[in-house]
Amino acid sequence: MMSEHGLTALVTILAMLVFFWMSLQVARARSKSGIKAPAMTGDPQLERAVRVHYNTLEWLPIFLTGLWLFAIYWNERVAAGLGIVWIIGRIVYSTGYMADPKKRSTGFMIQFLASVVLLLGALGKIVYGLVAGGV
């Protein structure tokens, strides 16, 4: 049983709900624009919504790998806290990008830094454990 990782599991579900919300934004933009699948271009709002959704998909493997390995090898609460920061960063990225693509940088940097800390923190702890003989 993985009850010791309940916070990480909760953050994982929250991240997936944010991703699902982004997919609904694509559907909403598609409906408003009248552009039917499989077309992806022709309306700036649809193109932005698709890009936000795809960019989040591109980052999810990096984030989730770092989140879980950091929680397992370092600290559950810190991992969950950084996971919440990542989620906030993705929401800031999404709202900024949808308003004006030039406003995506703040959200991107928030989630980028959270991802880097999670991933490199986990890597560092794993390597240290292997070198020290404790993993």
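Scoring rules and cut-offs
Residues numbered from 1 in each chain as written. Predicted model: local features only at pLDDT ≥ 70, side-chain atom pairs only at ≥ 80, totals over all residues. Heavy atoms only, no water. Helix = DSSP H or I, 4+ residues; strand = E, 2+ residues; numbered from the N terminus. Buried < 20%, exposed > 50% of the residue type's maximum accessible area, 1.4 Å probe, protein only. Lys, Arg positive; Asp, Glu negative; His and termini not counted. Salt bridge = Lys/Arg side-chain N within 4 Å of Asp/Glu carboxyl O. Contact = heavy atoms within 4.5 Å. Core = buried A, V, L, I, M, F, W, Y, C linked by side-chain atoms within 4.5 Å. Expected span 1.5 Å × (residues − 1). Polar contact = N/O pair within 3.5 Å; in protein donor to acceptor, adjacent residues only side chain to side chain.

Q: What's the story with the side chain of Arg 30 in this structure? I'm lost.
A: Structurally, Arg 30 can be placed in helix H1 (residues 6–33). Among buried Asp, Glu, Lys and Arg side chains, Arg 30 stands out as unpaired, with Asp 43 the closest opposite charge at 9.7 Å. Other than its neighbours up to four places away in sequence, Arg 30 contacts Ile 35, Lys 36, Ala 37, Ala 39, Met 40 and Leu 46.

Q: I would appreciate a short explanation of the nonpolar core in the present structure.
A: Core analysis: the largest hydrophobic core is formed by 22 residues, its most contacted members being Val 11, Phe 63, Leu 67, Ala 79, Trp 86, Ile 87 and Leu 118. Among the secondary structure elements, those contributing two or more residues to this core are H1, helix H2 (44–73), helix H3 (76–99) and helix H4 (105–132). The residues contacting Ala 79, other than those within four sequence positions of it, are Leu 67, Phe 70, Ala 71 and Leu 118. Of all hydrophobic cores here, the second largest spans 6 residues; its members include Ile 35, Leu 46, Ala 49 and Val 50.

Q: Can you help me understand H3 in this one?
A: Spanning 24 residues, H3 covers 35 Å between terminal C-alpha atoms, matching the ideal 34 Å at 1.5 Å per step. Where H3 starts, the residue carrying a side-chain oxygen 2.9 Å from the main-chain nitrogen of Arg 77 turns out to be Asn 75.

Q: Looking at this structure, how should I read the environment of Lys 32?
A: By the element assignment, Lys 32 lies in helix H1. Lys 32 sits in the exposed class, given a relative accessible area of 66%. Taking the C-alpha atoms as reference points, Lys 32 and Gln 45, 13 residues apart in sequence, are found 9.2 Å from one another.

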